[in-house]
Amino acid sequence: MIQSDNQNQNREEIIKELCTCNGLYYEKIDQEGPETSTLEMFFSGYPKIVGMSFFPNLTTLTLVGQSIHKISDLEYCPLLKNLWIAECCLTKIDGLQYCTNLEKLYLYYNEISTIENLEALTKLEVIWLNNNQIKVIQGLHTLQNLKELNLAGNLINKIGTCFDPNEKLERLNLSGNRIRSFKELTNLASLPHLKDLSLNDPQYDPNPICLLCNYATHVLYHMPQLQRLDTYDVSEKQIKVLAEATVMKKIMYYNMRVKSVHRQLNEELEKLKERKWKLQKLPEDRIKLFSCNMKHLERELALLQTSRQIQSNKSIKNKMLEMEKSIDDSENADEVSEESNLERKFFMKLDAMRERITFWNRKLDEIEKIYQMEIKKKKSNNLIVQFLLTELETVGNTRFEEGSPSDSWFNSCYDLILSRFCAWDFKTYGITGVKINRIFRVHNRILRMIFEEKFQMFLDKEEVLNETEKMLECLFYVFDPHMPVKKKQILQVLEDGFQAVEEHKLLRRDAVLLSNSLSVCERPRIEFLLQQTKDECKNSNDLEESFIHGKLIIAKVFLGRSVPARERDPIHQINYPGANSVFRPQKHLPSGTSRTAEEMYSSMEHRNCGCHHRQCEWFVFDHELVLPEYFVEFEYTTLVKVQSLFSTLSNVIVEEGKKDTEGFILSGDLQHDDEVMNMEPTVKARPKIVCLDEKTVLSVAKANIYSQIVVLNLHGNSLCKLRDISRLTGLRKLIVSFNEFTCLDDVYHLPNLEYFDASHNHVITLEGIRGLSKLKYLDLSWNQLKKTGEEISVLRKHTSNLLSLDIRHNPWHKPASLRLSVIGRLKALTHLDGVQITEAEVAAALCFIAGSKITQASLLEHSRTDETRPRVLSVHPYAKILSQISKNKLDSQTHFNSSWYPRITVLNLDGQHLSKIANLEKLENLRWASFSNNNLTKIEGLESCLNLEELTLDGNCISNLEGIAKLTKITRLSVNNNHLTSLERCVFENLSHLHYLSLESNRITSLIGLQKAYTLIELYISNNYVSAYHEIYHLKGLNNLVMLDMYGNLIVWKQDNYRLSVIFHLPSLKALDGIAVEPADIESAKDLFGGRLTCDMIAERLGHSDFTKMEELNWTTSTIRTVDLVPADQFRNICNVNLQNNNLTSFSGLIFLPNVKILCLNYNHIESILPRQKPQNHLTNRQQLYQKVISSGYGQQGPSKGSRDAGFGENLPPIMQSLEVLHLGYNGINNLAQLQLSRLKNLKLLFLQGNEISQIEGLEGLPFLQELVLDHNRVKTITEGSFARQSSLLALHLEENRLRELNNLQPLVKLQKLFLGLNKIQELSELEKLEVIPSLKELSVYGNPVSRKMTHRPLLIFRLPSLQVLDGIAVNMEERARAELHLIEQQGIPIANSPMDCGFSGLPITFSKQPPLRVTNVNLLEGINNLFGSDLVFPHVLEDPLLNEANKHKKSKNPGMVTNNPRSIHAEIALRQVKGATANLLNQLTQHGTLRTAHFHQGSRENGGRMSANSPSRPNRM
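Computed from a predicted structure; not experimentally measured.

Trainee: I would appreciate a short explanation of the overall build of the chain in the present structure.
Mentor: Each helix and strand in the chain was counted, giving 34 helices and 51 strands. Within the chain, the proportion of its 1518 residues that are buried is 49%. Taking as baseline every contact in the chain between residues at least 6 positions apart, the subset at least 24 positions apart corresponds to 56%. Total accessible area computed for the chain in this model is approximately 72800 Å², and 50% of it derives from carbon and sulfur atoms.

Trainee: Please clarify how the sheet that holds strand S27 (residues 831-832) should be interpreted in this entry.
Mentor: Note: strands within a sheet are paired through backbone hydrogen bonds, in either parallel or antiparallel orientation. Pairing within the open sheet is mixed, and its seven strands lie in the order S22-S23-S24-S25-S26-S27-S28. Each end of this open sheet is capped by a strand with a single partner; those strands are strand S22 (711-713) and strand S28 (835-836). Bridge count for strand S24 (residues 755-757) against strand S25 (residues 777-779) is three bridges, and the pairing is parallel. Across the sheet, the residue bridging to Tyr-755 is Tyr-777, located in S25.

Trainee: Explanation requested: helix H16 (residues 667-677) in the structure shown.
Mentor: Counting along an α-helix, one turn takes 3.6 residues, and residues three or four places apart therefore face a common direction. What H16 keeps buried is the set Asp-669, Leu-670, Asp-673, Val-676 and Met-677. Along the long axis of H16, the arc covered by the buried residues comes to 115 degrees, so they all point the same way.

Trainee: What is the right way to look at the pairing of strand S19 (residues 626-638) in this model?
Mentor: Within a regular beta strand, the side chains point alternately toward one face of the sheet and then the other, so they alternate between its two faces. Summarising burial for S19: 12 of the 13 residues are buried, a large majority. The pairing of strand S12 (residues 431-444) with S19 spans nine bridges and is antiparallel. Bridging from a neighbouring strand, Ile-431 pairs with Thr-638 of S19. The pairing of strand S15 (residues 549-558) with S19 spans nine bridges and is antiparallel. Within the sheet, the bridge partner assigned to Gly-550 lies in S19 and is Phe-634.

Trainee: Help me understand the environment of Thr-1005 in this model?
Mentor: Mapped onto the elements of the fold, Thr-1005 is located in the loop between strand S34 (996-998) and strand S35 (1018-1020). On the accessibility criterion, Thr-1005 (43% relative accessible area) is partly exposed. For the pair Thr-1005 and Tyr-1025, spaced 20 residues apart in sequence, the C-alpha to C-alpha distance is 4.8 Å.

Trainee: Please explain the pattern of salt bridges as it appears in this structure.
Mentor: Taken as a whole, this structure holds 50 salt bridges when the rule is applied. Glu-522 is the salt-bridge partner of Arg-525, the closest N and O atoms lying 2.5 Å from each other. In this pair, Arg-525 and Glu-522 are both assigned in helix H13 (residues 518-535), three residues apart and thus about one turn of the helix distant. Taken individually, Arg-525 and Glu-522 each receive the classification buried, so the pair is uniform in this respect. Residue Arg-1359 pairs with Glu-1328 through a salt bridge whose shortest N-O separation is 3.9 Å. In this pair, Arg-1359 sits in helix H31 (residues 1352-1359) while Glu-1328 sits in helix H30 (residues 1324-1328), placing the two residues 31 residues apart along the sequence. By the burial criterion, Arg-1359 is buried, and Glu-1328 matches it. Taken together, the shared-partner salt bridges connect Arg-180, Lys-454, Asp-622 and Glu-624 into one network.

So, how was this worked out
Residues numbered from 1 in each chain as written. Predicted model: local features only at pLDDT ≥ 70, side-chain atom pairs only at ≥ 80, totals over all residues. Heavy atoms only, no water. Helix = DSSP H or I, 4+ residues; strand = E, 2+ residues; numbered from the N terminus. Buried < 20%, exposed > 50% of the residue type's maximum accessible area, 1.4 Å probe, protein only. Contact = heavy atoms within 4.5 Å. Areas by Shrake-Rupley, 256 points an atom, 1.4 Å probe, with all protein chains shown as cover. Pairing = 2+ DSSP bridges. Arc of directions from axis to C-beta. Salt bridge = Lys/Arg side-chain N within 4 Å of Asp/Glu carboxyl O.

Below you can see the structure in the form of structure tokens.
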């Protein structure tokens, strides 16, 4: 079968060999051949396929390791399904046209360079073409059944759209090629069934793209259906979800940055607009001045002409009088002459004024023209957005870094440019220097990787390591001067290098042109632009402006082996074999150099510098050795400073003799205005009419009745209404210019009105005008009309015969399309804005109007039928993306069949001048729609599009969003640059899938409508009117919100620490106002705003901000550190404040609440009412942050150390004068004086339990204090000044302290309750000191060592005659009598042997020793009488009228103690014994009158036992 070149074997021998290899008999080939379906031949070296005619039913043919150069003899095998011709020498795919049943084709390891001749093999499912020489993927367009394709190990660098027809492709191997662009991989996303993709098969070298960052993420995002990638299993859903989440984050990030750049550009454009308004103010004022005076003159002239006509009528009658004929003739002649002169002066002055108005209108046009040029310049020079989009598309592998003087690389590049600039070279053009505006550093990983790889290969090959530095050079890329430098070209170079630059293809360049000199690089461009400008006859200013701005691409170049250029040989690789680059010095003039340049070159010999000796052009043949490193925007400085009209430093008024005055105003122009204004005749000012009545109308019109009035001139008054003007049915001309009208609704039903001048007013709407059927002239210039569609509709309906219309100088919403819109709708119009309407304009207007409606044709043109969301790396709306890249467009013939409407899923009607959305009722499957840059005023016509997912309405005039309430599936909504003023809550409550919302550049004042937009992830609402800080609280429920942009709202600069505040209240944010939220920002926000109680927080909880009705403020357990309720007057009705269990260190902003009576601050960290001033160097970071916050405490002026030591603020002015009850329990207070409590002058109840107070002080300024709670502190002693001024104190709580002595209680003359339980009082003598408190009614001393002594109770009862309750047990008369008797018996009566003997059953039996007793001023008679009174028994539990809330829930220390011990029979017996004993005692005492004092001295300290089980427990007090 196979014939070798070296051995000349015959065909028969080849067939024999083939039969032998496959187990066939050559002799029986006629019989066995047709039965054979499979043939194989391995490594035989045969050069040709022969003998296939013997195997007509062959289905599988395998030839491996042969020397076959061409496929042949397969026309005899029509049934062939599997063909293997591998590791042979094939150079071309051919000879397969008859194998139409072929399903598998294996041609790997050959020398095939082109995929071709496969068109007939439509059944092919598998093709292996790996390890060939293929550079371009092609020839597969008919293989629609292809499922597996192996192109590994070739030279492919682009994919393109070659696989679009192969939708069934499942396995694709492109490993070992040269694919290096992510854009190429994106094309594979069109293969819906692709499951196995290899770009980095371990058996091959990886594609360059596989070495880039985010490679796998990019692939998995665009092809989520993949099961295997680069031989790895990627079928798990989690992997795809992670890839998509990563890409979405990147899209969100770049969308944020793009919006930030657009915002910066818009800010610059706004500055230009403001500058334009300032520039136009003077011309506009002049136009108004002249217009007003012209109308004055015209009115006076009309009156003059009317009076002259009357005079002429009178003179005719006087001709009948012959006696006075001669005299009258002379007088009339003089009068006529005088009036003619005056009339001529009127006309002259009017003409002069018209000239000045024309002049100032021309100035306005010049300013507008320059303004538009500045806008175009700003937009054209802005490449940052394109840079960002390139970064996104390349997944960050091409990145652009803008430099600043702080960057070392920026300074190096700056110095490089200056070193390559020679002023002598630019002297001819008047250029003196170069100014660098911007430098971008290009980080292109793929180009750098290829550059370094080739550079290393060259070094390894040439072995020239020592000369490497000489071969590397930074050069300027030379653009073709005859082709404008476009953004697309620059981006192409910076992203893809110089391999596919269009100008190289057009000019057939074989090398990249570069230069080491700025003059060599720029001179051709300057020459070309200068010549072009001269040809277009532009002014000198345009000559300078045309070349003053320039762009540079600086590249790192490996020159390699460089040779000089030869004049006769074109710069092509074939002319310079072995050379890597060619250089040409500047002295060799290039062909086509202009005469000016030649003269400049000839003069170089006379200049002093030697720059021209080093200046060269370089031609580098290998574009991959040219690496773009920097992109530079610069401008030249010239001898003549070009003064920009829109420079803020420029003065609009300049002196005479300036070279160019376009847009500027000469000082002589103003002088000329004054001369015109002072011309004769002068018009006297008339009194202005404010209100129009019948008398005034008749007076102005010089008529007797309304029906006589034909002309009514009301110019120059202060009218805002035209009452009863419709009664002037004969009126033909009405002038109301220069008045105060805001609407013209009084002008109706004037059937004869032909002329109406309403210019120079404040008209905002034409609604109300009606019945003006004969109106021909209408002047509405210099008003405030904005709504184009509405106003034109009014005119179209009610002024159908209008011929001339002037609507200039109104703030129209869409001024660009205004003229065509008016002409198209007012078809009778002949003049618009003082300019005659041409036929071309009429035709264009008709087309404009026809295109402004949604028709079948427009739907077919601008719709697509894609069913899946495109997976592209872009920030643009999907409707825009699909309309550009999708090929699923409806056929123009489908409109005959109505079934095409439901197929539409994409609709892009941007910029179609639509005034209304209509005719979309049948688009029930519409998913992505865009109606940007139209004239829409409301959202309508989308009610049937319930599957809509994305809606873009940017650049319209929409005022509300009510029309989208039913679009519940919408996920992305953009309504930027409209007229929205509010956000309807009912709209966003229904949008349960909304993720993206952009409402930039509207007039929104509140965010309350977004409260329930819980699914929002991105919210862009910059450049609106949000000013109130509490609006942020409406977003607190949006837990998914990641991106928020509020830049340009009043709140940004109105609210202190705005950024940190928003970050604090919206913790889910990752970016705010285009800046990422860093961890440091979060910490600073927590430090500054964490625990800050503000009005907004209260309003958020209440649901409203009307605080005047609040009476109680309860905010416990909320980690509050500061209180900032400003203004405090709105909380004037709050009486009760509870901030228990927070982190307050001072009263903070609470001191400003005017009417607080009860303040509870338990469980905080209060140090003082106002914080103490700390030195700056001792403040913590948190405290330094607090200084920035009003009412936060730190940073406020407090008392100095000296004043605190002198009395801790007792001389300071009082605060919180309404405060009566203060709870400061459990605050860790250790110094009462530092609290400055003396400033609370009207305080009545003070609770300080649970602190660390060791000394009672600082209460001097509380004269009205009635109850003081100091339980559970560390008080050891009561000093002399502790209660020096507490004469009003009624209750004192000192339980659980460390008291041993009870001194200095004398000032407490009104004290009724004293609680001393659980202290360390040991001696009875200390209890005796309580007798200085005469009014004491309730006392507790339980838990003290002294309470273990049995005599402490009778002693206290005896010593304190007003005592009613002791240790929680009521003191009754019986007990008091027994106590008195016992103590008397202790003094002179025999001692009972037991407690029962003396009648005190409560005393233990062990109490047998007589205690010493001192009795002073005891009235026993009164005590005994009271003993038998009706109030013998006291209640055992007395309710405390002053509840102690802090101790309300405190458990008893001794719950087992009995607090109620009823009197027993033993007590009755004891009482009877007392009666007898006291009778004798009274007889003795009455002899001496009054009982005197008896002193009992204690001889020794008793050892008291423990408290018995029935001893009194600790009282449970509130």
